[in-house]
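So you can see what is in the structure, the chains are spelled out below.
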Amino acid sequence: MTDTAQDTPPAESRKRYRRVWGDATQSPWRLPKLDGTFRPVFMRNFLVWRKLAIPSLVGNIAEPLIWLVAFGYGMGALVGSVTLNGTAVPYLLFLASGSICMSAMNAASFEALYSAFSRMHVQKTWDGIMNAPVSLDNVVLAEMLWAAFKSLFTSTAIMLVMLALNISTSTHLLLAWPVLLLTGITFSCLALIFNALAKGYDFFTYYFTLFLTPMMFLSGVFFPLTQLPPWVASIAEALPLANAVALVRPLFMDQWPADAWMHVLILLGYAVVGFWLALALTRKRFAM
Amino acid sequence: MNDEQTADVMAPVSDVAPLLQCENLVKRFGDNTVVQDLSFAINPGECLGIIGPNGAGKTTTIRMCLGLTPPDAGHIGYTSVHGQALRMPQDALAIKSELGVVSQMDTLDPDFTCEENIWVYGSYFGLSSAELRMRTPGLLDFAVLSQKAKARPGELSGGMKRRLSLARALVNNPRLLVLDEPTTGLDPQARHLMWERLQQLLQVGKSILLTTHFMDEAERLCDRLLVIDHGRKLAEGTPRELIAQHIEPEVVEVYGPGAQQLITAPIRSRADRAELVGDTVFFYTHHAASLLLELARQPSLRTLHRPANLEDLFLKLTGRQIREGA
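What counts, and where the lines are drawn
- Residues numbered from 1 in each chain as written.
- Chains lettered and ligands numbered in written order.
- Predicted model: local features only at pLDDT ≥ 70, side-chain atom pairs only at ≥ 80, totals over all residues.
- Core = buried A, V, L, I, M, F, W, Y, C linked by C-beta atoms within 7 Å.
- Buried ≥ 20, exposed ≤ 12 C-beta atoms within 10 Å, placed from the backbone.
- Contact = placed C-beta atoms within 7 Å.
- Pairing = 2+ DSSP bridges.
- Helix = DSSP H or I, 4+ residues; strand = E, 2+ residues; numbered from the N terminus.
- Expected span 1.5 Å × (residues − 1).
- Axes fitted to C-alpha atoms, helices over the stretch in contact; angles between N-to-C directions.
- Left-handed = near helix turned anticlockwise from the far one by under 90°.
- Nonpolar A, V, L, I, M, F, W, Y, C, P; charged D, E, K, R; others polar.

Draft legend 1. A look at the nonpolar core. Ranked by internal contacts, the top residues of the largest apolar core, which has 153 residues, are C101, M144, L192 and V248 of chain A together with A167 and V178 of chain B. The contact partners of C101 of chain A, leaving out residues within four places of it in the chain, are T183, V221, L241, A244, V245 and V248 of chain A. Within the second largest apolar cluster, 14 residues are counted, among which are V251, A259, A274 and L291 of chain B.

Draft legend 2. View of the pairing of strand β2 (residues 32-42) of chain B. All names here are of chain B. Examined bridge by bridge, strand β1 (residues 20-29) and β2 share seven bridges and lie antiparallel to one another. Residue R28 lies in a different strand from β2, and its bridge partner there is T33. Here β1 hands over to β2 after two residues, with G30 in that stretch at a positive phi of 65 degrees.

Draft legend 3. A look at helix α7 (residues 188-203) of chain B. Residues and elements named next belong to chain B. Along its 16 residues, α7 runs 22 Å from first to last C-alpha, staying within 8% of the 22 Å computed at 1.5 Å per residue. On its buried face, α7 sits against α5 (129-142), α6 (158-169), β7 (176-180), β8 (207-212) and α8 (215-221). Directly after α7, the chain includes G205, whose backbone phi takes a positive value near 100 degrees.

Draft legend 4. Here's a closer look at the pairing of strand β9 (residues 224-229) of chain B. Residue and element names in this part refer to chain B. Burial within β9 is extensive, with six of its six residues counted as buried. Side chains R224, L226 and I228 project from β9 onto one buried face, and the interleaved L225, V227 and D229 project onto a second face that is buried too. Bridge count for strand β3 (residues 47-51) against β9 is four bridges, and the pairing is parallel. Residue pairing across strands places I51 opposite V227, the latter belonging to β9. As paired elements, β9 and strand β10 (residues 232-237) share five bridges and run antiparallel to each other. Pairing of L225 across the sheet is with G237, part of β10.

Draft legend 5. Structural detail: the packing of helix α3 (residues 91-122) of chain A against helix α6 (residues 173-197) of chain A. Residue and element names in this part refer to chain A. It is at 8 Å that the axes of α3 and α6 come closest, and there the two elements cross at 35 degrees. Note that α3 runs across α6; the crossing there is right-handed. Residues I100, C101, A104, M105, A108, S109, A112, L113, A116, F117 and M120 of α3 lie in contact with α6, whose contacting residues are L180, T183, G184, F187, S188, A191, L192, F194 and N195. Counted by class, the contact of α3 with α6 contains 15 nonpolar, five polar and no charged residues.

Spelled out as structure tokens, the structure:
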């Protein structure tokens, strides 16, 4: 039986595609055109990950937990507690609430850089997908959401371990969850900008050493921003990770964050501008 | 509707609208014009081959047809299964839902088995998993990969990978297959199996657009050929017509000691055209008999008398010099 494909009705009878109006040579800066066709691409990544989930989970949460144990218990014994807005916070709790944001950032960045680059450039998975009726815009959206999902998965696992260690048992943690998702989305969008510009994996080292590592130290993960000179602190307050920490830490402390909407809007702003920039640069890359 | 192509004597006589029609395509990368004023059409059920040396603009032309890179000028039209006139790149998704594409480089998912590769690819077309589970065994069978359903692409030979790419491209039951150098890098057995499969697809009514630089492949598969170089169309027609139009019917290749002198010897006048390539003299003629008689007097020379083929045509039209990166 060699003509099996012939026996079935054509695929187009079940699915309709809208026409994109406009010039054939469109600007890469045009608005994103997103729809549900990102879903199978997201699922593709999910299916690959499912095959490797358990070993990768161990790797994903082991490192942040080692940080937490080494710094939290080691430094915690030296530091004791940190005074935050007049309240003394045990250093372990202070660090845990900051480092979970850092883990969300790192997980999203790794996935949207190294793994997305493998799919885009090395394996040419994106090229294969775009020979099917899925647009580049939706492939980039799928990659962004996938990296955010993986980041959320990692931060959820870490949060469960923190709950088990009794570091925080606040019911506010339920609200930290969507904040960590937003953190993942923001850093996925930012990482995809660098993915679009990369010629090889080496390029990502710059992103980590010049961008993420300084941000880690400037965002109040390990020590309060008040320790910094005022002018540095005012720059640091604009960093996406600092805003994530400003939201998550009070929730860990069973408090409501101050200026919550401002922090959410800053994270959203980074995400929206980052995604738009990432998409424009990726379109340029693929128009060659 | 432009009737230029259907009115063309080269095109098979048909009153149906072409499936895919490209008119006056131009593509530039900076100052470099890669495709210049290229027009062609594919009729339903036809196999059109684009042949040309490396860097001739074949892959860029294919990429424009797939909406992956927009042409700087020109028009790409497609007639859908419902008879709608669609345009690339505006209707890229609607057109691609009716296409099957095998690109030059395999884009198989290394982490998935053969059958998972087909399932996942089918999901991009919006096909349900029940539908895909029904279609996959037939596609694997077609690709002679039923035994390898649970194997990953890393465990497959080059020929198997290409056939898996073909099977994957058939998952949406496409009307037009777009194949960019489908047999490059394959051994003869794998190439023949690929050709056999493509011929079967033509027999069940699929249309094929393929690029190749193998003349035997072009001659065997294609109803019509487009010879391009430097982004321009040099010739178009059936393989037989092209040879008859551009090349004398008989070729005598002469090599061995002293062969090179023949190009300036009086024997030269016995042929319509002669060419010296390396140590071999090529005589192109309508009647080789007298030439062969004369060559027989010089037993040190070795001769090969054969009918003219596509390769002769290709080399005449595109030249014999080696291209950058060839």
